[in-house]
Amino acid sequence: MIIFIFWKTGNGYLRSMFAKAAIYRALGWGLGVILLATLLLHYLGLIRIDPQEYLENILILGSWWILVSLLFYYGKKIRFRSKSLLEVLYLGLFFSGILLLDRWMDFPDNPVSIALLILFWVGVARFVAPAFFKKYQKLILPVYGLIWGLFLYIRFTENYFSDQRELAILMLLLPIPFFLLLWIFEQWKRLRDLEVEKNQAELAMLKNQINPHFLFNTLNNLYGLSVEKSDQAPEVVLKLSDMMRYTIYEGRKEEVTLAKEVEYLENFLGLQKLRHRNLPTISFEVSILENRMISPLLLLVPIENAFKHGVEKLTEGAFVNILLESNDEKLRFQVENNFDPDSTSHQPGIGLENLKRRLELAYPEAHILQISKNKQVHQVILEILWS
């Protein structure tokens, strides 16, 4: 009921925490798989289900349901990051070991099994919400340690099964809604702060996208072409106008089509070809799903840096190779350029730091940014996992 109230009145914050359709789909697939597997194993005699132990059955089946649903919900991210797959496999093996140990010891409400089950759920919490767990682990672990100690004391009382069993189980479950509400509050606060940060980052992005150095050089080239009455002057004006229009209007949007972003990059590269008398070798290979949406002006920074720190510092033999490809699962963007080692600055640029922050805001836990230097070649690889 509390979550429902938050969902309806939380100004969209709670709805932003979850991909609603994805959650329902994952829970549905998880429930279907668990019910089918349970019935099959019970039919084959590999497991025994006691209808009288309804609470135990709910806890065990519920645990497997949540674990399998996690696999479906985080499926893309798990494939994207092999470490996540290993964590889920370890959790599954750990839970299977708990069940086997409990069956082997054959001791009702075994405190050892309860302690291991608590550790299992702590592991699930750490996987699902690592930042929350790291922040509150000094509270979570002592609370459950105290609860297990109380359970251990109650379990060995003489009237445990007649009077105390329901109380003990309730005591084990009691902290869950408390920590769940605390997690919801943390998510609401984080999303509220991120919204403010995102607005500030977008404002800074709009101020810095058209590099003044690039703009002044382009205008100087335009002046020279105009004096020469070159046929290229109108082309420069058109490309520069399109770039500024895109920056001002499309740059304010949360997302634009990938095709529009590619057109913007092509205009930028076209102006770079007109600017440089010693023509650099520029390669731009594109293989994309044009209707995919992406945060605007995201791909310019690596290309801009390739010219600023590479092409403009070299007198000959400069090159910039760009590859942009996407499929149903992810986008891959690669920029390679050569550079002069003697003129390279060792301090990170503002544009690159802004790019990292924008990726954290727009694609949290769904992107990889790799920057490397090999001899005299600088390489940037960006991968974005589509939501």
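Residues numbered from 1 in each chain as written. Predicted model: local features only at pLDDT ≥ 70, side-chain atom pairs only at ≥ 80, totals over all residues. Heavy atoms only, no water.

1. Some details on the overall build of the chain
Link 1 in the chain: Across its full length, the chain holds 15 helices and seven strands.
Link 2 in the chain: Evaluated residue by residue, the chain yields a buried proportion of 36% over its 387 residues.
Link 3 in the chain: Considering only contacts in the chain between residues 6 or more positions apart, those separated by 24 or more positions represent 73%.
Link 4 in the chain: When the accessible area of the chain is evaluated, it comes to approximately 23600 Å², of which 61% is carbon and sulfur surface. (Helix = DSSP H or I, 4+ residues; strand = E, 2+ residues; numbered from the N terminus. Buried < 20%, exposed > 50% of the residue type's maximum accessible area, 1.4 Å probe, protein only. Contact = heavy atoms within 4.5 Å. Areas by Shrake-Rupley, 256 points an atom, 1.4 Å probe, with all protein chains shown as cover.)

2. Comments concerning the packing of aromatic side chains
Aromatic rings in a pair are described by how distant their centres are and how their planes are angled relative to each other.
Link 1 in the chain: The final tally for this structure, using the stated rule, is seven aromatic pairs.
Link 2 in the chain: Ring centres 5.3 Å apart and planes at 70° place the aromatic pair F120 and W121 in the edge-to-face group.
Link 3 in the chain: For F120, a relative accessible area of 0% translates into the label buried.
Link 4 in the chain: The interplanar angle of 85° and the centroid separation of 6.4 Å between the aromatic rings of F151 and Y160 together place this pair among those described as edge-to-face. Grouping residues by exposure puts F151 and Y160 together as buried.
Link 5 in the chain: Against the face of F156 rests R155, its NZ or CZ located 5.8 Å from the ring centre.
Link 6 in the chain: If you follow K373 out to its NZ or CZ, it ends over the ring of F339, 5.5 Å from the centre. (Phe/Tyr/Trp six-rings, centres within 6.5 Å; stacked < 30°, edge-to-face > 60°. Lys NZ or Arg CZ within 6 Å of the ring centre and 35° of its normal.)

3. A word on unusual backbone geometry
Link 1 in the chain: For L297, which is not glycine, the phi dihedral falls at a positive 60°.
Link 2 in the chain: A positive phi is found at E365, a non-glycine position, where the angle reads about 60°.
Link 3 in the chain: Here E365 shows up in the loop between α15 (350-362) and β6 (367-374).

4. Side note on the packing of helix α7 (residues 111-128) against helix α8 (residues 130-155)
Link 1 in the chain: At a closest axis distance of 10 Å, the pairing of α7 and α8 adopts a crossing angle of 165°. As judged from the angle between their axes, α7 and α8 are roughly antiparallel. Of the two possible hands of crossing, α7 and α8 adopt the one that is right-handed. For the pair α7 and α8, the contacting residues are P111, I114, A115, I118, V122, A125, R126, F127 and V128 in the first and P130, F133, L141, Y144, W148, F151, L152 and R155 in the second.
Link 2 in the chain: Split into classes, the residues belonging to the contact of α7 with α8 amount to 15 nonpolar, no polar and two charged. (Axes fitted to C-alpha atoms, helices over the stretch in contact; angles between N-to-C directions. Parallel < 35°, antiparallel > 145°, perpendicular 65-115°, else oblique. Left-handed = near helix turned anticlockwise from the far one by under 90°. Nonpolar A, V, L, I, M, F, W, Y, C, P; charged D, E, K, R; others polar.)

5. Considering the side chain of Q334
Link 1 in the chain: Within the secondary structure layout, Q334 lies in strand β5 (residues 330-338).
Link 2 in the chain: A polar contact of 2.9 Å, which involves the side chain of Q334, links it to the side chain of R332.
Link 3 in the chain: Excluding anything up to four places from it in sequence, Q334 contacts N321, I322, L323, Q379, V380 and I381. (Polar contact = N/O pair within 3.5 Å; in protein donor to acceptor, adjacent residues only side chain to side chain.)

6. Let's talk about the pairing of strand β7 (residues 377-385)
Link 1 in the chain: Extensive coverage of β7 is indicated by the burial of eight of its nine residues.
Link 2 in the chain: Strand direction decides the pairing type here: β5 and β7, joined by nine bridges, are antiparallel. For K330, the partnering residue across the bridge sits in β7 and is L385.
Link 3 in the chain: Bridging between β6 and β7 involves eight bridges; their strand directions are antiparallel. By the bridge assignment for β7, N374 is matched with V377.
Link 4 in the chain: Hairpin remark: β6 followed by β7, antiparallel, with two residues in the connecting loop; positive phi at K375, about 60°. (Pairing = 2+ DSSP bridges.)

7. A word on the side chain of Q379
Link 1 in the chain: Locating Q379 in the fold gives a position in strand β7.
Link 2 in the chain: Only 2.6 Å separates the side chain of Q379 from the side chain of E336, close enough to count as a polar contact.
Link 3 in the chain: The residues contacting Q379, other than those within four sequence positions of it, are Q334, V335, E336, Q370, I371 and S372.

8. Describing the environment of R292
Link 1 in the chain: On the secondary structure map, R292 appears in the loop between β2 (281-287) and β3 (293-294).
Link 2 in the chain: Counting along the chain gives 34 residues from R292 to S326, while the straight-line C-alpha distance between them is 8.8 Å.
Link 3 in the chain: Setting aside its immediate chain neighbours within four residues, R292 contacts V256, T257, L258, N327, D328 and W386.
Link 4 in the chain: Separated by 2.9 Å, the side chain of R292 and the backbone oxygen of D328 make a polar contact.

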